[in-house]
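Analysis of the macromolecular model
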Amino acid sequence: MSSMEIDFKQYQLRCQLRGHEDDVRGICVCGSEGIATSSRDRTVRFWSLDSSDKRKYVSSKMLLGHSSFVGPLAWIAPDEEFPEGGIVSGGMDTMAFVWDLRTGEKVQSLKGHQLQVTGVVLDGGDIISSSVDCTLRRWRKGQPVESWEAHKSAIQAVIKLPSGELVSGSTDTTLKLWRGKTCLHTFSGHTDTVRGLGVMHGLGILSASHDGSIMLWAQSGEVLMVMVGHTSIVYSVDAHVSGLIVSGSEDRFAKIWKDGVCVQSLEHPGCVWDAKFLENGDIVTACSDGVVRIWTVDQENIADPVELEAYASELSEYKLSRKSVGGLKLVDLPGLEALQIPGTSDGQTKIVREGDNGVAYSWNMREQKWDKIGEVVDGPDDSMKRSVLDGVQYDYVFDVDIGDGEPIRKLPYNRSDNPYDTADKWLLKENLPLSYRQQIVEFILQNTGQKDFNIDPTFRDPYTGSSAYVPGQPSYASGIAAKPTFKHIPKRGMLVFDAAQFDGILKKFSEFNNTLLADSEKKDLSLTEPEISRLGAIVKILKDTSHYHTSRFADVDIALLLKLLKSWPVAMIFPVIDMLRMTVLHPDGATVLLRHVEVNDVVMEMIMKATTDPALPANLLTSIRAVTNFFKNSSYYSWLQKHRSDILDAFSSCLASPNKNLQLAYSTLILNYAVLLIEKQDEEGQSHVLSAALEIAEQENLEIDSRFRALVAIGSLMLEGLVKKLAMDFDVGNIAKAAKASKEAKIAEIGADIELLTKQS
């Protein structure tokens with residue numbers, strides 16, 4: 001098809017591929033064989049041309065194996081090893097898989113990345129993968145060959161140029177050009193995350209960014225073209241030999257560009273995660289509504305009128321459901337019949353729905369009729385949900401806790417108000433001392449982001465006649481605390497597993513000991529009489545919680561537990577681990593154990609022993625709970641920080657377990673790590689924990705408490721940690737939205753907390 005033909009013809013819908021159960025995230029054009037798509041539903045689907053209708057494609061294979069959402073895809077053309085071709089997929093679960101399309105089976109598992117895999121490309125017979133862990137990795141025949149830190153921030157995409165070099169794009173706003181592990185050039189120009197990359201045939205490199213622009217770069221690093229037109233994050237960009245470019249964005253449009261100008265916008269009922277050209281110039285788009293769409297300029301291939309009409313009405317319904325007027329959802333407005341009811345006072349206003357618009361009417365008392373005022377339009381900030389107090393809309397309504405058992409008070413504020421004025425009027429209204437004024441003002445400034453508010457020197461206190469009070473240090477009178485409007489974040493303190501069935505634990509010891517005594521080969525591993533009574537004494541100390549501040553452990557007590565941990569068969573160690581779990585909650589027990597941890601790391605050894613495949617559920621559960629309990633004692637913080645990566649890797653299988661107790665323990669471990677790493681300002685650790693927490697939060701069928709704890713970890717990391725930008729790159733907004741829609745009150749509340757965070761700059 002010549003470029004002239006494409007120039008003058010508009011793209012129209014060709015067909016819609018339905019099958020994915022959640023957002024379609026990635027597209028891979030597989031030569032003329034078909035199309036592969038990846039999804040948040042954890043599957044990869046392969047679509048082949050429909051033999052009965054050449055306009056359409058049918059789902060011919062579903063590839064199952066990822067444990068979280070799947071993103072980037074690459075196509076392996078048919079060869080001896082893959083007679084029908086293959087697919088490489090990368091996921092949020094840190095894995096990349098190679099699939100044989102003939103069988104639909106996974107033939108290689110590429111395990112090595114610490115965080116989400118964001119890009120996969122073929123380089124000769126090798127596979128190159130990029131990740132949020134800041135590395136690029138090379139794999140050959142399923143084995144890691146090399147890896148290098150390519151950026152200091154998350155890598156979001158990688159492509160291979162026809163000339164053989166690689167290009168990576170990162171959250172650090174740059175692109176880098178690589179020959180092997182050598183960086184030949186760093187491209188700087190975007191002002192936000194570089195999210196997507198593409199090759200422009202014969203010209204250079206395309207980049208799509210969170211800053212809303214698309215750039216075309218020469219390989220030498222010079223910017224050849226900047227395309228601006230999207231109103232939100234641009235996720236993907238691709239080019240066709242005809243010279244056309246297509247981009248996909250959060251703004252719900254796939255845009256088609258010719259010579260730097262947008263020539264057409266294809267509207268979708270949701271975010272467009274990816275857009276790619278087929279060889280014939282048709283365009284494939286991946287949408288958050290779970291549908292893959294193909295668009296064409298070929299008149300013979302356009303969808304039939306019924307399907308086109310159905311799509312148009314789906315779009316208008318979607319827009320209607322989202323449209324709001326004056327902060328009110330259009331679908332919630334009454335129809336014209338509401339004007340049959342007379343008003344109650346002169347000038348009373350009512351907004352009704354007329355077609356796709358909201359129209360305001362005012363009650364005319366004298367003539368007893370509703371006068372039309374006009375159409376209601378949203379101001380620029382109406383899209384931000386405004387708060388309402390006593391029937392009046394405000395930019396903010398804060399909860400203020402006065403302390404001393406007083407009820408929470410509501411403090412309304414508009415951006416255009418003078419904070420001193422607001423504070424004074426509010427203190428008078430609430431009958432509170434004016435000495436609280438400076439704290440209230442500072443609270444308003446802090447929570448509305450007005451750090452650079454300048455105090456007006458001409459301002460006179462309307463109640464005392466004096467100028468604004470600006471002390472050197474605010475006086476914190478009677479512990480007033482003003483709270484931002486978050487319900488569940490930030491998380492303070494650590495969660496522990498402190499309930500134990502001590503009698504049951506001792507019973508298990510005696511049962512296992514009898515088994516060892518009866519086995520002539522293992523008889524020497526059994527406990528002696530004095531050792532059995534030592535265990536009884538340990539339990540006695542642990543049961544007596546009211547004397548934890550004075551009771552002490554002998555070194556031989558802890559040494560005994562550690563000896564059993566080392567010598568007893570793996571299937572028998574869970575009661576030993578359970579004793580250690582309770583021992584670390586005892587101040588002296590934790591101190592004595594720490595000496596052993598510092599000399600030879602018995603705990604790390606225990607974790608490896610308990611989690612090695614095939615791990616016994618009892619060993620997994622007791623050991624993850626024990627490690628979670630280490631967070632109770634700050635003496636273990638540096639040890640927990642140092643071993644974070646190994647500990648989280650060891651227990652990552654708990655999430656996939658059907659055992660609800662294991663899932664909850666894993667979420668609790670993640671939440672405790674979030675609290676610790678925020679305190680330690682450990683950005684790398686926070687990124688790792690954020691990724692793990694997001695993977696848990698993604699799973700809407702998880703038990704409530706497990707999901708809730710993961711969401712609290714995410715919110716706390718965004719609010720007080722160093723990874724808010726990374727969370728936004730990970731599309732945390734959609735996770736918050738899904739949580740907010742939950743029927744479970746606390747899930748909905750933490751979802752609202754996280755959503756509020758995403759809206760704060």
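It should be emphasised that the depicted structure is a prediction, and the values quoted were computed from it without experimental measurement.

1. Let's talk about the side chain of Asp 282
If you trace the backbone, Asp 282 turns up in the loop between strand E26 (272–277) and strand E27 (283–287). Asp 282 gets classed as buried once you look at its relative accessible area, which sits at 2%.

2. A closer look at the packing of helix H18 (residues 732–740) against helix H19 (residues 745–759)
Orientation of H18 relative to H19, taken along the N-to-C sense of each, is 150°, at an axis distance of 7 Å. By the criterion of interaxial angle, the relationship of H18 to H19 is roughly antiparallel. Here H18 and H19 pass one another in a crossing that is left-handed. Contacts from Val 732, Gly 733, Ala 736, Lys 737, Ala 739 and Lys 740 in H18 reach Ile 747, Ala 748, Gly 751, Ala 752, Ile 754, Glu 755 and Thr 758 in H19.

3. A word on H18
Within the sequence span of H18, burial applies to Val 732, Ile 735, Ala 736 and Ala 739. Projected onto a plane normal to the axis of H18, the buried residues spread over an arc of 100° and lie on a single side. Here the buried face of H18 lies against helix H15 (683–697), helix H16 (704–720), helix H17 (724–729) and H19.

4. Regarding the UniProt feature "repeat: WD" (unreviewed entry) in the chain
Per the UniProt entry, the sites bearing "repeat: WD" (unreviewed entry) are residues 17–57, 87–109, 148–178 and 227–258 in this numbering. Here residues 17–57 is 0% helix and 56% strand, with 7 Å between the C-alpha atoms at its ends. In residues 148–178, the share of helix is 0% and the share of strand is 58%. The end C-alpha atoms are 11 Å apart.

5. A word on H19
Here H19 contains 15 residues, and its C-alpha end-to-end distance of 21 Å stays within 8% of the 21 Å for a straight helix at 1.5 Å per residue. The elements touched by buried residues of H19 are H16, H17 and H18.

6. Here's the deal with the side chain of Glu 267
In this structure, Glu 267 sits in strand E25 (residues 261–267). With a relative accessible area of 18%, Glu 267 lands in the buried category. With residues near it in sequence (within four places) discarded, Glu 267 still touches Arg 252, Phe 253, Trp 295, Tyr 311, Leu 315 and Lys 319.

Conventions used here
Residues numbered from 1 in each chain as written. Predicted model: local features only at pLDDT ≥ 70, side-chain atom pairs only at ≥ 80, totals over all residues. Heavy atoms only, no water. Helix = DSSP H or I, 4+ residues; strand = E, 2+ residues; numbered from the N terminus. Buried < 20%, exposed > 50% of the residue type's maximum accessible area, 1.4 Å probe, protein only. Axes fitted to C-alpha atoms, helices over the stretch in contact; angles between N-to-C directions. Parallel < 35°, antiparallel > 145°, perpendicular 65-115°, else oblique. Left-handed = near helix turned anticlockwise from the far one by under 90°. Contact = heavy atoms within 4.5 Å. Arc of directions from axis to C-beta. UniProt positions renumbered as here; feature names shortened; annotations may be inferred. Expected span 1.5 Å × (residues − 1).

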